[in-house]
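# Remarks on the overall topology
Single-letter residue listing:
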Amino acid sequence: MAPYDRSGSSPGDRQSSIAGLIEPPQPAHYESRLSRIISGLDEADATRQYEIEARDNKIESLPNSHVSSITDKKVIHWEDEDPENPVNWPMWKKFFVVGTVMLVVLNSTMGSALPSNALPELLPYFHVGTGTQEVLPVSIYLVGYILGPLLFGPLSEQYGRRTIMLSTFFGYTVFALGSALAPTWAVFLFFRFICGVMASSPITVTGGIYADIYQDPISRGRAMAVFIGGTVFGPLLAPVISGFVSPVLGWKWTFWIGLIFAGVAWPFLLCLPETYGPIILQNRAAKLRKTTGNPNIIAPLDLEDKGFKQMATVVLTRPIRMFISEWIVLASCLYLSLAYAIFYMYFEAYPIIFEQIYGKNAGVSGLMFLPIGGGAILASLTFLWYDAMLHKAQKLNKPWTQKEESRRLPLACIGGPLYVVALFWLGWTARASIPYWVPMLAGVPFGIGFVLIFMALLNYLTDAYEIFAASSMAASSTCRSLAGASLPFAATPMYTRLGVAWASSLLGFLSLLMCAIPFIFLWKGDVLRENSKFCKFLKEKKVKEEEELRAQRARRESKALLDEKAEEV
């Protein structure tokens, strides 16, 4: 069934489209040349990715193989219920993928904050003074987070998730070792930067991996909840490790412990299977060429242009274009960036509060982060409760469950206000006349709000963009890392000049403003997705796949009936 076409042209009239699925651009006279260029790239990119996915899932068979002909080539596709298709993998295999990825993410995020409470030993070792220098070991790592997603998200959609995960985690391990052995401050910061670039890979690629193996939004959402838990607990463990280890064993042992954690992850990572469907089909085609001796057997990905121009103008720019042209991506990035930046500003604010106001040492100050972890656990339980309620409502075909936004966004509507409350709570109770455990407990609603916001919005991005999930996550990761790397430089001056109460209040008011975003998505999210080229083409892809699957099942049932009648005769 052809989609609605305002131009009135037939599918055959549109040579640049794919089977009539792409509506010809009709730019208004006031559009700038830049916006038209971006719009054209978005259309070409979405069309190309749509084409790959359509070929992957095309259901047309020849004897003993699912293939279709393009000139003299034989293009293989997924068979119905194909066991090698990641969405059809057994549950244990999917659990292994989720657990392995979470372990790698835990390493990545823990590495970001490892130096936070080791600075009293680290700075004198390199003969470096305090001030902006003491922020650099964490911030320069997050600068790497800015650059990495622009590469690894799109490249994972080009060359596969496993290749990117293995190569980048190897780089992370090597440069984490280099950080512990760095001879000078400049070399140390350079190694920290490269560590950050490499460590950004699992955070960026995870959304794509989970979209690869889970078609069901409920299962995918639970997997994303595990992922977000890893991103939260990593930075919370790091100050505790460095706060207690560095004063006793020296700052280098903080990094040795980080390397031990990395070593634990390696055996699991080496066993991680490829999850990206087009790459699996490409490997299958290569194997068939070798075993059959037929050089014309190819996968849909083999038909894709992989030249430098394609890579530079389409693949690597996709996260940037999604940030510019996709309102859902832009708004989500802004909210997540602020929340993420405040989280990393706490690594500067907590020593001011608990060491200067309450006189705690670095190790105990690190323990003050644990209520945030407790809040993260409560957020996960809240997520599972909501997920069970959603699943039950979907079985009963409740109307509200049919709307995309209803799946996860209500969690952000809960988490956002809790996040604001936590900021005001911390700011106005952190004073010597009030026991230290009162501002410490502000970490509980902070952890709940932070995790619920991330769970809701990252799941929404994954559900909305599916095969483009890695690129949308790359845009999100880049933006929030930019904020996380830059805003902590303002933390100490801000808390010093404004005081703890008003500095926290300023962050609270900004967070209150951002609270509106999930509510806007609930209100107008369907309109935003209808105006998105990426979301529109994904919707069309689903319709075509469902039609072809129904047609194939009908053919199979018809054949079974004919075979039964033939046997009776």
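Residues numbered from 1 in each chain as written. Predicted model: local features only at pLDDT ≥ 70, side-chain atom pairs only at ≥ 80, totals over all residues. Heavy atoms only, no water.

### Details of the overall build of the protein chain
Across its full length, the protein chain holds 21 helices and three strands. Residues classed as buried in the protein chain amount to 56% of the 569 residues present. Of the accessible surface of the protein chain, which amounts to about 24,400 Å², a share of 66% is contributed by carbon and sulfur atoms. (Helix = DSSP H or I, 4+ residues; strand = E, 2+ residues; numbered from the N terminus. Buried < 20%, exposed > 50% of the residue type's maximum accessible area, 1.4 Å probe, protein only. Areas by Shrake-Rupley, 256 points an atom, 1.4 Å probe, with all protein chains shown as cover.)

### Considerations on the side chain of Thr 100
Of note, Thr 100 is situated in helix α2 (residues 91–113). Given a relative accessible area of 3%, Thr 100 falls into the buried group. With sequence-adjacent residues up to four places away left out, Thr 100 is seen in contact with Phe 268, Leu 269 and Leu 272. (Contact = heavy atoms within 4.5 Å.)

### Regarding unusual backbone geometry
A positive phi angle, near 55 degrees, is found at His 127, a position not held by glycine. With respect to the helices and strands, the residue His 127 is situated in the loop between α3 (119–125) and α4 (136–159).

### Observations concerning the packing of aromatic side chains
A complete count under the given rule lists 34 aromatic pairs for this structure. With 5.4 Å between their ring centres and 50 degrees between their planes, Tyr 141 and Tyr 145 make a pair best called tilted. Taken together, the positions of Tyr 141 and Tyr 145, both in helix α4 and four residues apart, correspond to about one turn of that helix. Each member of the pair, Tyr 141 as well as Tyr 145, is classed as buried. For the cation-ring pair, Lys 93 lies above Trp 89, with the distance from its terminal atom to the ring centre recorded as 4.1 Å. (Phe/Tyr/Trp six-rings, centres within 6.5 Å; stacked < 30°, edge-to-face > 60°. Lys NZ or Arg CZ within 6 Å of the ring centre and 35° of its normal.)

### Considering the nonpolar core
Nonpolar side chains tend to gather and get buried jointly when the protein is soluble and globular. In terms of nonpolar packing, the biggest core is built from 129 residues, with Tyr 210, Phe 227, Tyr 346, Phe 446, Leu 458 and Tyr 465 touching the most fellow members. In terms of residue count, helix α12 (residues 327–357) provides more of this core than any other element does, 20 residues in total. Mapped onto the domain boundaries, this core takes at least three residues apiece from domain 1 (83–275) and domain 2 (310–531). Sequence-distant contacts of Tyr 210, that is, excluding residues within four places in its chain, are made with Val 98, Val 101, Met 102, Arg 220, Ala 223, Met 224 and Phe 227. With 14 residues, the next largest nonpolar core counts Leu 123, Phe 126, Val 128 and Phe 191 among its residues. (Core = buried A, V, L, I, M, F, W, Y, C linked by side-chain atoms within 4.5 Å. Domains from an automatic or database assignment.)

### Observations regarding a nonpolar patch on the surface
Taken together, the side chains of Trp 428, Leu 498, Trp 502, Leu 506, Phe 509, Leu 510 and Leu 512 make up a nonpolar region of the molecular surface, amounting to roughly 690 Å² of accessible area. The element contributing the most residues to the nonpolar patch is helix α19 (residues 488–514), with six residues. For Leu 498, the position within the fold is in helix α19. Leu 498 sits in the partly exposed class, given a relative accessible area of 42%. (Patch = residues over 30% accessible without salt bridge, like charges linked within 9 Å, V, L, I, M, F, W, Y side chains within 5 Å. Salt bridge = Lys/Arg side-chain N within 4 Å of Asp/Glu carboxyl O.)

### Focus: the pattern of salt bridges
Tallied over the full model, the rule gives three salt bridges. A salt bridge links Arg 161 to Asp 212; its shortest N-O distance comes to 2.7 Å. Residue Arg 161 is located in helix α5 (residues 161–181), and its partner Asp 212 is located in helix α6 (residues 185–213); the two are separated by 51 residues in the primary sequence. The pair Arg 161 / Asp 212 is uniform in exposure class, with both members buried. Three or more residues are tied together by salt bridges with common partners; here these are Asp 82, Glu 84 and Arg 284.

### Thoughts on the state of the cysteines
Enumeration over the complete set of coordinates arrives at zero disulfides. Lacking any disulfide linkage, Cys 515 is separated from the closest cysteine sulfur, that of Cys 413, by 8.8 Å. The class for Cys 515 is buried, based on a relative accessible area of 8%. (Disulfide = S-S within 2.5 Å.)

### Side note on the packing of α12 against helix α17 (residues 443–465)
Where α12 meets α17, the closest approach of the two axes is 11 Å, and the angle between their N-to-C directions is 150 degrees. On the basis of their axis angle, the class for α12 and α17 is roughly antiparallel. You can see that α12 and α17 cross each other, and the crossing is left-handed. Within the contact between the two elements, α12 uses Ile 328, Val 329, Ser 332, Tyr 335, Leu 336, Ala 339, Tyr 340, Ile 342, Phe 343, Tyr 346 and Tyr 350 and α17 uses Gly 443, Phe 446, Phe 450, Ile 453, Phe 454, Leu 457, Leu 458, Tyr 460, Leu 461 and Tyr 465. Its residues assigned to classes, the contact of α12 with α17 shows 19 nonpolar, two polar and no charged. (Axes fitted to C-alpha atoms, helices over the stretch in contact; angles between N-to-C directions. Parallel < 35°, antiparallel > 145°, perpendicular 65-115°, else oblique. Left-handed = near helix turned anticlockwise from the far one by under 90°. Nonpolar A, V, L, I, M, F, W, Y, C, P; charged D, E, K, R; others polar.)

### Comments concerning the confidence of the model for the protein chain
Parts of the model with low pLDDT should not have their predicted coordinates read in detail. In the predicted model, the protein chain carries a mean pLDDT of 78, and 79% of its residues have values of at least 70. In the predicted structure, residues 52–65 sits below a pLDDT of 50 and forms 38 contacts with residues beyond four places in sequence or in another chain. Across residues 67–71 the pLDDT falls below 50, and counting only partners more than four positions away or on other chains, this stretch makes 16 contacts in the model. (pLDDT = per-residue confidence, 0-100.)

### With respect to the side chain of Ser 511
Here Ser 511 lies in helix α19. On the accessibility criterion, Ser 511 (1% relative accessible area) is buried. Once residues within four sequence positions are removed from consideration, Ser 511 is found in contact with Leu 338, Ile 342, Tyr 419, Val 420 and Leu 423.

### Considering the environment of Ile 520
By secondary structure assignment, the location of Ile 520 is in helix α20 (residues 516–530). What makes Ile 520 partly exposed here is its relative accessible area of 40%. A C-alpha to C-alpha distance of 9.8 Å links Ile 520 and Ala 331, two positions 189 residues apart in sequence.

### Describing the packing of helix α15 (residues 409–429) against α20
Two elements in contact, α15 and α20, have axes separated by 8 Å at closest approach and are oriented at 155 degrees. In terms of their interaxial angle, α15 and α20 are classed as roughly antiparallel. Relative to α20, the crossing made by α15 is left-handed. In contact with Leu 409, Pro 410, Ala 412 and Cys 413 of α15, α20 contributes Pro 518, Phe 519, Phe 521 and Leu 522.

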